[in-house]
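Geometric and topological summary
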Amino acid sequence: MQTIDYKEFDKIQLIIGTIIRAEIFEKARKPAYKIWIDLGEEIGIKKSSAQITDHYQPDQLIGKQVICVCNFMPRQIADFMSEVLVTGFTAEDGGIMLATVDQPVPNGSKLH
């Protein structure tokens, strides 16, 4: 495993936000959802394409807090601009489980 120093880690803007909208991304090549995340006053609402269909339905995502990488370049996916990367972990079945918190924290909070 390659190591990095704290300065490198600190460049990654890992921010928590709350999913406020989710819908099936019909034009995606692989099953995915379009999601809109409230990342707090400073960042605002950002969009993401997320391949999380194995373990979540769109209605289950509303109100869920997720950890996002907010300083990647936006990425065009079909007709949708994905502005942030929603993070998660690979489950035993290969599906993605979202990275989240066990207690609510303010939207826009940075991971330390």
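Residues numbered from 1 in each chain as written. Predicted model: local features only at pLDDT ≥ 70, side-chain atom pairs only at ≥ 80, totals over all residues. Heavy atoms only, no water.

As annotated in an unreviewed UniProt entry, the chain carries the name tRNA-binding protein and comes from Algoriphagus halophilus.

1. A few points about unusual backbone geometry
Backbone geometry places Ala78, a non-glycine residue, at a positive phi of 55°. As for its placement among the helices and strands, Ala78 is situated in the loop between strand E5 (75–77) and strand E6 (80–82). With a relative accessible area of 45%, Ala78 lands in the partly exposed category. (Helix = DSSP H or I, 4+ residues; strand = E, 2+ residues; numbered from the N terminus. Buried < 20%, exposed > 50% of the residue type's maximum accessible area, 1.4 Å probe, protein only.)

2. A closer look at the UniProt feature "domain: TRNA-binding" (unreviewed entry) in the chain
Feature annotation in UniProt places "domain: TRNA-binding" (unreviewed entry) on residues 8–112, given in this structure's numbering. The span residues 8–112 carries 10% helix and 40% strand; its end-to-end C-alpha distance comes to 13 Å. (UniProt positions renumbered as here; feature names shortened; annotations may be inferred.)

3. Structural notes on the packing of aromatic side chains
Applying the stated criterion across every chain yields a total of 3 aromatic pairs. Ring geometry for Tyr6 and Phe9: centres 5.9 Å apart, planes at 50°, overall tilted. Separated by 3 residues within a single helix, Tyr6 and Phe9 lie in helix H1 (residues 6–10), roughly one turn from each other. In this structure Phe9 comes out as partly exposed when scored by relative accessible area, which is 25%. In this structure an aromatic cluster arises from ring pairing among Phe25, Trp36 and Phe80. Stacked on the ring of Trp36, the Lys or Arg Arg21 has its end atom at 3.8 Å from the ring centre. (Phe/Tyr/Trp six-rings, centres within 6.5 Å; stacked < 30°, edge-to-face > 60°. Lys NZ or Arg CZ within 6 Å of the ring centre and 35° of its normal.)

4. Focus on the environment of Lys30
Tracing the backbone shows Lys30 in the loop between strand E1 (14–24) and strand E2 (33–38). Between the alpha carbons of Lys30 and Gln51 there is a distance of 7.3 Å; along the sequence they are 21 residues apart.

5. Section: the side chain of Ser82
With respect to the helices, strands and loops of the structure, Ser82 is situated in strand E6. Here the side chain of Ser82 touches Val84 through a polar contact of 3.5 Å, landing on its backbone oxygen. In contact with Ser82, not counting residues within four places along its chain, are Lys47, Ser48, Ser49, Pro74, Arg75 and Ile77. (Polar contact = N/O pair within 3.5 Å; in protein donor to acceptor, adjacent residues only side chain to side chain. Contact = heavy atoms within 4.5 Å.)

6. Focus: the pairing of E2
Burial runs high along E2: 5 of the 6 residues are buried. As paired strands, E1 and E2 are joined by 6 bridges and run antiparallel to one another. In the strand pairing of E2, Thr18 is matched with Asp38. Here E2 pairs with strand E3 (residues 45–50) via 6 bridges, running antiparallel. Directly across from Ile35, in E3, lies its bridge partner Ser48. (Pairing = 2+ DSSP bridges.)

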